Amino acid sequence: MKTQYYTATSLDGFIADAENSLDWLFQFGEPENGSYSNFIREVSAIAMGATTYEWILNHPSDDNSNPVWTYEQPAWVFTSRSLPTIPGADIKFVKGDVRPVHQEMSAAAGDKNIWLVGGGDLVGQFYDHGLLDEIIVQITSVTLGSGAPLLPRRIVTPPLKLLSATVYGHAFAELRYQVFPPE
Ligand SMILES: NC(=O)c1ccc[n+]([C@@H]2O[C@H](COP(=O)([O-])OP(=O)(O)OC[C@H]3O[C@@H](n4cnc5c(N)ncnc54)[C@H](OP(=O)(O)O)[C@@H]3O)[C@@H](O)[C@H]2O)c1
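Summary of the structure given here. Think of each chain on its own: its residues are numbered from 1, step by step along the sequence as written. Totals for whole chains, interfaces and linings use all residues, but because this is a predicted model, local features are given only for residues with pLDDT of at least 70 and pairs of side-chain atoms are given and counted only at 80 or more. The basis for every side-chain value is the complete set of non-hydrogen atoms in the structure, without hydrogens or water.

**Looking at the pattern of salt bridges**
The term salt bridge refers to a side-chain nitrogen of Lys or Arg lying within 4 Å of a carboxyl oxygen of Asp or Glu. Applying the stated criterion across every chain, the model contains seven salt bridges. A salt bridge links D90 to K92, with the shortest nitrogen-to-oxygen separation between them at 3.5 Å. Categorising residues by exposure relies on relative accessible area from a 1.4 Å probe, with only protein chains included: less than 20% of the type maximum marks a residue as buried, more than 50% marks it as exposed, and the intermediate range marks it as partly exposed. Residue D90 is classed as partly exposed on the basis of its relative accessible area of 38%. One salt bridge in this structure joins R99 and D97, with 2.8 Å as the shortest N-O distance. Bridged by salt links that share partners, the residues K2, E134 and R176 form one connected network.

**Considering the site of the ligand**
In the vicinity of the ligand there are 23 residues, among which N20, T52, T79, S80 and G119 approach most closely. A 3.5 Å cut-off defines polar contacts: any pair of N or O atoms within that distance qualifies, except that in protein one atom must be a possible hydrogen donor and the other a possible acceptor, and neighbouring residues in sequence count only when both atoms are side-chain atoms. Take I15: an N or O atom from its main chain is 2.9 Å from a nitrogen atom of the ligand. Measuring from an oxygen atom of the ligand, one finds a side-chain N or O atom of T52 at 2.6 Å. When the ligand is considered free in solution it has 930 Å² of accessible area, and contact with the protein chains removes 79% of it. Any residue with an atom within 4 Å of a point lines the site, the site being either a cavity, points on a 1 Å grid over the protein atoms alone where a 1.4 Å probe fits but cannot get out, or a pocket, an open set with protein on both sides within 12 Å along at least 5 of 7 lines. Placement in a cavity or pocket follows one criterion, namely that more than half of the molecule's atoms lie within 2 Å of its grid points. Using a 2 Å cut-off from the grid points, one finds that the ligand occupies the largest pocket. With four residues, the single largest contributor to the shell around the ligand is helix α3 (residues 50–58). Among the residues making up the shell around the ligand, the classes are represented as 10 nonpolar, 11 polar and two charged. Near residues are defined by distance, with any heavy atom within 4 Å of the molecule or strand qualifying the residue. Note on areas: Shrake-Rupley, 1.4 Å probe, and residue coverage restricted to the protein chains presented here. Secondary structure elements are defined from DSSP: runs of H or I of at least 4 residues count as helices, runs of E of at least 2 residues count as strands, and each element is numbered from the N terminus. Just so you know the grouping, Ala, Val, Leu, Ile, Met, Phe, Trp, Tyr, Cys and Pro go in nonpolar, Asp, Glu, Lys and Arg go in charged, and all remaining residues, Gly too, go in polar.

**Quick word on the packing of aromatic side chains**
To pair, rings of Phe, Tyr and Trp, with the six-membered ring standing in for Trp, must have centres within 6.5 Å; the planes then decide the type, stacked if under 30 degrees apart, edge-to-face if over 60, and tilted in the middle. For the structure shown, the criterion picks out 13 aromatic pairs. Judged by centre distance (6.1 Å) and plane angle (90°), the rings of Y6 and W115 are edge-to-face. Of this pair, Y6 sits in strand β1 (residues 3–10) while W115 sits in strand β6 (residues 113–118), and the two are 109 residues apart along the sequence. The class for W115 is buried, based on a relative accessible area of 5%. Every member of this aromatic cluster is reached through a ring pair, and the members are Y6, Y36, F39, Y53, W69, Y71, F93 and W115. Both a distance and an angle decide whether a charge sits over a ring: NZ of Lys or CZ of Arg must be within 6 Å of the ring centre and within 35 degrees of the ring normal. When the ring centre of W76 is taken as origin, the NZ or CZ atom of K92, which lies over that ring, is 4.5 Å away.

**Concerning the sheet that holds strand β3 (residues 43–49)**
One bridge is not enough; two strands pair if DSSP finds at least two bridges between them. Here we have eight strands laid out as an open sheet, ordered β5-β4-β3-β6-β1-β7-β10-β9, and mixed in their pairing. Strands at the two margins of the open sheet, each flanked by one partner only, are β5 (91–94) and β9 (161–168). Recorded for the sheet is a direction-independent mean angle of 20° between the axes of neighbouring strands. Angles shown run from 0 to 180 degrees and are taken between the N-to-C directions of axes, each axis being a line fitted to C-alpha atoms and, for helices, limited to the stretch in contact.

As structure tokens, this is what we get:
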């Protein structure tokens, strides 16, 4: 079981632009033979922050203008507020220390992986406690100048270990890193 941060990022390290838009990413569509289907097959629990969850709430994409929840796995949404639920979605709203939540997620995940969807600071909170095993980023061929940072932490010693680099057409380079606990 691994805890993985899987996300697309701009070349200059932002996962959303300053308006929390992902239009820069969606212009490319899904990469041909991309890694997502193999990745999500091995995921049994997911976590995200409130802004990411609100993005889903605010971007309804079915005919009835309801938010579309595409995840079959149980999800933990970190928030200090009371946010609306999505009918049919298995969501727990949690706050504070990520460690007990990670324990609960690990129990639910069994042998499979935990996906930290984002944002970057929430992933950083897991990293701070040595609870992040891998970063898998699709570096997208755009720069944004500002926005939501990929991972606002200083990770220098020990450094990340680059495990693979894969090119998807002209739009994406996917890098996979092993993460070691902070010293
Ligand atoms: N490029 C991609 O593939 C990708 C992937 C994921 C996300 N995104 C986008 O990137 C942006 C990320 O936004 P973001 O950086 O603001 O991050 P976020 O993690 O989605 O949301 C941050 C919020 O989560 C809550 N939170 C975080 N840690 C908490 C804790 N320990 N306890 C309680 N609440 C906690 C707080 O909300 P409260 O105000 O409720 O306290 C905080 O303001 C979004 O626009 C999202 O759509 C892009």
